[in-house]
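Residue-level structural notes
Single-letter residue listing:
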Amino acid sequence: MPAPIAVKPLKKRIAIFASGSGSNAQKIMEHFKNSKLAEVALILTNNSEAFVLQRADNFEIPTHIFNRKEFYESDRIIRLLESLNVDLVVLAGFLWLVPQNLIAAFPNKIINIHPALLPNYGGKGMYGDHIHRAVLAAREKETGITIHFVNENFDEGEMIQQFRFKIELKDELENIRFKIQQLEHQHFPKVIESLVKKMN
Ligand code: GRF
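Model, not experiment: these values are computed from the prediction. (Residues numbered from 1 in each chain as written. Predicted model: local features only at pLDDT ≥ 70, side-chain atom pairs only at ≥ 80, totals over all residues. Heavy atoms only, no water.)

This part takes up the sheet that holds strand β5 (residues 110-114). Strand pairing in a sheet is mediated by backbone hydrogen bonds. Such pairs are either parallel or antiparallel. Read from one edge of the open sheet, seven strands run β3-β2-β1-β4-β5-β6-β7, paired in mixed fashion. At either margin of the open sheet sits one strand with a lone partner, and together these are β3 (63-65) and β7 (159-166). Here the strands of the sheet are splayed against their neighbours by 20° on average, with no regard to which way each runs. Sheet topology places strand β4 (residues 88-91) next to β5; three bridges connect them, and they run parallel. Note on β5: the bridge partner recorded for Val90 is Ile111. Most of the contacts of helix α4 (residues 76-83) go to strand β2 (residues 38-45), to which it runs at about 160°, and overall it touches β1 (12-17), β2, β3 and β4. (Pairing = 2+ DSSP bridges. Helix = DSSP H or I, 4+ residues; strand = E, 2+ residues; numbered from the N terminus. Axes fitted to C-alpha atoms, helices over the stretch in contact; angles between N-to-C directions. Contact = heavy atoms within 4.5 Å.)

Rendered as structure tokens:
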């Protein structure tokens with residue numbers, strides 16, 4: 001009888017969209033660098049100046065820069081993701097609304113991280129310091145991050161997980177920004193890993 005052939009499970013493949021610095025993308029690339037479960041296959045950006053491109057180069061991960069026409073008026077990005085066998089699309093600081101054709105091509109396979117406790121402080125224009133300033137102005141007692149599936153509206157898809165902390169009286173914009181970023185870096189890669197584990 002021939003010896004059984006050991007079948008190595010294929011790694012799940014992640015594509016990350018980012019528009020700017022990409023510190024979350026960095027944490028995800030670090031997390032999966034030596035993983036047996038998943039790998040980052042591609043970094044995509046709408047911004048040719050984005051620092052995330054440098055970060056991707058450091059990890060020798062391919063990049064793709066696109067413009068509005070390509071994103072909203074063609075299927076090229078979908079075809080690119082499919083040709084690379086991408087299983088999960090991660091938005092990490094990506095500022096454009098995802099078009100319907102991309103959502104339909106990856107049902108329940110596109111996730112986003114938002115630096116507030118949705119459904120509060122979401123929607124168009126609610127990003128970065130705009131959010132933290134609004135949270136402080138409203139004298140909220142707590143804030144945090146939301147990881148959620150993406151649908152055709154900004155910040156409205158089904159929630160996956162939230163992480164929160166209490167706002168102290170002494171907290172100002174800088175501390176809130178810092179604590180949010182720490183929370184994102186700590187949790188986002190792990191949440192992605194748990195989603196990947198559930199994929200078959
Ligand atoms: C993060 O706060 C994320 O929640 C939001 O955009 C920011 C991206 O930061 N969607 P970075 O580019 O990963 O540093």
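More follows now that the structure is in view.
Every residue lining the ligand is accounted for by Ser21, Gly22, Ser23, Asn24, Gly93, Ile113, His114, Pro115 and Glu184. Ser23 is positioned such that a nitrogen or oxygen atom in its side chain is 2.5 Å from an oxygen atom of the ligand. Measuring from an oxygen atom of the ligand, one finds a backbone N or O atom of Asn24 at 2.8 Å. Relative to its unbound accessible surface of 370 Å², the ligand loses 78% to contact with the protein. A majority-of-atoms criterion places the ligand in the largest pocket. Mapped by element, the contributors of at least two residues to the shell around the ligand are α1 (23-32) and β5. (Near = heavy atom within 4 Å. Polar contact = N/O pair within 3.5 Å; in protein donor to acceptor, adjacent residues only side chain to side chain. Areas by Shrake-Rupley, 256 points an atom, 1.4 Å probe, with all protein chains shown as cover. 1 Å grid on protein atoms, 1.4 Å probe; cavity = no way out; pocket = protein on both sides within 12 Å on 5 of 7 lines; lining within 4 Å. Sits in = over half its atoms within 2 Å of the grid points.)

Let us now look at the layout of surface pockets. The volume enclosed by the largest pocket comes to roughly 970 Å³. Lining the largest pocket are 41 residues, with Gly93, Phe94, Leu95, Tyr127 and Gly128 positioned closest to its centre. Secondary-structure elements contributing two or more residues to the lining of the largest pocket are α1, β5, α6 (128-137), β6 (142-149) and α7 (173-198). Looking at which element gives the most residues to the lining of the largest pocket, the answer is α7, with five residues. (Points joined across faces, edges and corners; volume = space filled by probe spheres on them.)

Evaluation of the coordinates by the stated rule reveals one cavity of 30 Å³ or more. Space inside the largest cavity adds up to approximately 40 Å³. In terms of lining, the largest cavity is formed by Phe71, Ser74, Asp75, Arg76, Ile77, Ile78, Pro99, Asn101 and Leu102. When contributions to the lining of the largest cavity are tallied by element, the ones reaching two or more residues are α4 and α5 (100-105). In terms of residue count, the dominant contributor to the lining of the largest cavity is α4 (three residues). Here the residues of the lining of the largest cavity are counted per class, giving five nonpolar, two polar and two charged. (Nonpolar A, V, L, I, M, F, W, Y, C, P; charged D, E, K, R; others polar.)

Scanning all chains against the criterion turns up 11 aromatic pairs. Ring geometry for Phe71 versus Tyr72: centroids 5.0 Å apart, planes at 70°, classification edge-to-face. Ring-pair connections join several aromatic residues into one group, and the members of that group are Phe17, Phe66, Phe71, Tyr72, Phe94 and Trp96. One Lys or Arg, Arg68, reaches over the ring of Trp96 and ends 4.2 Å from the middle of that ring. (Phe/Tyr/Trp six-rings, centres within 6.5 Å; stacked < 30°, edge-to-face > 60°. Lys NZ or Arg CZ within 6 Å of the ring centre and 35° of its normal.)

Here the focus is the packing of α6 against α7. Relative to each other, α6 and α7 sit at 120°, their axes nearing to 10 Å. Comparing the axis directions of α6 and α7 gives the class oblique. In this structure, α6 crosses over α7, and the sense of that crossing is right-handed. On the side of α6, the interface is formed by Asp129, His132, Arg133 and Leu136, while α7 contributes Leu173, Ile176, Arg177 and Ile180. In terms of residue class, the contact of α6 with α7 is made up of four nonpolar, one polar and three charged. (Parallel < 35°, antiparallel > 145°, perpendicular 65-115°, else oblique. Left-handed = near helix turned anticlockwise from the far one by under 90°.)

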